[in-house]
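What follows is each chain in one-letter form.
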Amino acid sequence: PDMQKHGGACGELKTFNLTRILGFVEDEFRDDPPAGVFMPLNKHLLVEDAKPEAKNPVAIENLAVLNRIERRGMWGNQGRVFELGTAALDNDPRFDGIRNTAGSVINFYLALASKAFIGTPVSTYSVDVWTVRFFQSKLNNYRYLPWGLEKIGNDTKREPEPYACSVSF
């Protein structure tokens, strides 16, 4: 959800429609769907952006899609969808004021441990996950783009591409 707010370069690489992104993922893994799909996103921000006063139809649709797949799963309910990070810290007062940051750290380590990682090239988070996974020899990585998923072409001899989108706030 926060990608909608980012300015800067690489606009042609951004896609905001969760239905399209999930369609790409379901197509890629339809022959061997995973039992679980971890969604490291800021749901609290998405809920805020989906309020009627925010006038954000993309956020409204994405929240409805996220809620649906959390209830029903993906691939005909074969793949359970879950989030953790910030949600795991919701009722813990020790994380007041740092909940989003602490949650993103949890999400980062879960992404490193996953069998595959799918991210966006316009996110420093995604690029950092790809880079660490490369050095862990975990090369099952993809990027989602407006036209579909692309397997990241990292081999064991070439480091991943660095983050290259200038973001202005």
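What you are looking at is a predicted structure, and each value in this text was computed from that prediction instead of being measured.

Caption draft 1: Just helix α3 (residues 57-72), in detail. With 16 residues, α3 ought to run about 22 Å at 1.5 Å a step, and its terminal C-alpha atoms sit 22 Å apart, in line with that. Directly after α3, the chain includes Gly73, whose backbone phi takes a positive value near 80°.

Caption draft 2: Spatial organisation of the packing of aromatic side chains. In the structure shown here, the tally under the stated rule is seven aromatic pairs. Centre to centre, the rings of Phe38 and Phe82 are 5.7 Å apart; their planes meet at 35°, and the pair counts as tilted. In this pair, Phe38 is assigned in strand β1 (residues 36-38) and Phe82 in strand β2 (residues 80-82), connecting sequence segments 44 residues apart. Under the relative-accessibility criterion, Phe82 is labelled partly exposed at 25%. A ring pair is formed by Phe108 and Tyr109, whose centres lie 5.9 Å apart and whose planes are at 80°; its orientation type is edge-to-face. Exposure remark for Phe108: the relative accessible area of 18% places this residue in the buried category. A cation over an aromatic ring shows up here: Lys151 above the ring of Tyr142, its NZ or CZ 5.0 Å from the ring centre.

Caption draft 3: Just the nonpolar core, in detail. One finds Leu22, Met39, Ile69 and Met74 to be the most contacted residues of the largest nonpolar core, which totals 21 residues. Counting residues per element, the ones that place at least two in this core are α1 (18-28), α3 and β4 (141-145). Counting residues in each nonpolar core, the second largest holds eight residues, with Ala111, Phe117, Val129 and Trp130 among its members.

Each value, and the rule that gives it
- Residues numbered from 1 in each chain as written.
- Predicted model: local features only at pLDDT ≥ 70, side-chain atom pairs only at ≥ 80, totals over all residues.
- Heavy atoms only, no water.
- Helix = DSSP H or I, 4+ residues; strand = E, 2+ residues; numbered from the N terminus.
- Expected span 1.5 Å × (residues − 1).
- Phe/Tyr/Trp six-rings, centres within 6.5 Å; stacked < 30°, edge-to-face > 60°.
- Buried < 20%, exposed > 50% of the residue type's maximum accessible area, 1.4 Å probe, protein only.
- Lys NZ or Arg CZ within 6 Å of the ring centre and 35° of its normal.
- Core = buried A, V, L, I, M, F, W, Y, C linked by side-chain atoms within 4.5 Å.

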